[in-house]
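Commentary on secondary and tertiary structure
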Amino acid sequence: MYKKFIFYFSLFLMSSITPLIAQNALTKLEGTWYVNMSNFKMWLKGDKINPKFNYTLQIKGKVTGLKDVVGYQKNNKNKTIVGFDKPEDDAATKFIWRGKGLLFLFKSKWEILFQNSHYTIIHFQKTIATAEGYDVISRQKSFDELTLNAIKSKLKELGIKEELTVIKQD
């Protein structure tokens, strides 16, 4: 009887702690992130500038995730794309994005490949509307040469062969 109690109590604790672990990881992502490097054509064509992501902790139904607002400028006007990032793992490194409004029809899988205090490297899978690709995002608008070289080394270490272009932020 005692062993059964310990077993079920342990399961209860694990089910209570796991969402907290994901929530703590999500909290670290909250705020504004600037797209510093990318191979995403939307950012490289030149008509959409100053791309950034703004994440806010949000609960939808029973899922704790991130409200995801992608911001950019086009023709001197601020534009946004709003969605929700649902974590797929307890560490909150893999997500499924689903758009809001008409964009609800679209979803995209993305993941954090690397993160440190200076930058985060994310990978997004191919969808019917976008090609597979990578972004390097950070809390700052630009990097010095030393950080850029460190990022290039990290991309190589991760086996990423695609060329990422530096995105200039105003």
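Each value, and the rule that gives it
Residues numbered from 1 in each chain as written. Predicted model: local features only at pLDDT ≥ 70, side-chain atom pairs only at ≥ 80, totals over all residues. Heavy atoms only, no water. Patch = residues over 30% accessible without salt bridge, like charges linked within 9 Å, V, L, I, M, F, W, Y side chains within 5 Å. Areas by Shrake-Rupley, 256 points an atom, 1.4 Å probe, with all protein chains shown as cover. Salt bridge = Lys/Arg side-chain N within 4 Å of Asp/Glu carboxyl O. Helix = DSSP H or I, 4+ residues; strand = E, 2+ residues; numbered from the N terminus. Buried < 20%, exposed > 50% of the residue type's maximum accessible area, 1.4 Å probe, protein only. Phe/Tyr/Trp six-rings, centres within 6.5 Å; stacked < 30°, edge-to-face > 60°.

**Details of a nonpolar patch on the surface**
On the surface, Leu105, Phe106 and Ile128 cluster together into a nonpolar patch covering about 390 Å² of accessible area. Its location among the elements puts phenylalanine 106 in the loop between β5 (94-99) and β6 (107-115).

**Notes on the pattern of salt bridges**
The tally for this structure, following the rule as stated, stands at three salt bridges. In this structure, lysine 74 engages aspartate 47 in a salt bridge whose closest nitrogen and oxygen atoms are separated by 3.9 Å. Note that lysine 74 is positioned in strand β3 (residues 63-74) and aspartate 47 in the loop between α2 (41-44) and β2 (49-60), a separation of 27 residues in sequence. Residue class for lysine 74 comes out partly exposed when judged on its relative accessible area of 27%. For aspartate 47, a relative accessible area of 29% corresponds to the partly exposed category. Linking lysine 154 and glutamate 157 is a salt bridge whose minimum nitrogen-to-oxygen distance equals 2.8 Å. Here the residue lysine 154 and the residue glutamate 157 both occupy positions in helix α3 (residues 145-157), the gap between them amounting to three residues, near one helical turn. For glutamate 157, a relative accessible area of 59% corresponds to the exposed category.

**So, the packing of aromatic side chains**
On inspection of all chains with the given rule, the structure shows eight aromatic pairs. Taking the centre distance of 5.8 Å and the plane angle of 80° together, the rings of phenylalanine 40 and tryptophan 43 count as edge-to-face. Residue phenylalanine 40 shares its accessibility class with tryptophan 43, and that shared class is buried. Their ring planes at 50° and their centres at 6.2 Å tell us that phenylalanine 53 and tyrosine 55 sit as a pair that is tilted. Phenylalanine 53 gets classed as buried once you look at its relative accessible area, which sits at 7%. Put simply, the rings of Phe40, Trp43, Tyr72 and Phe124 pair up and form one aromatic cluster.

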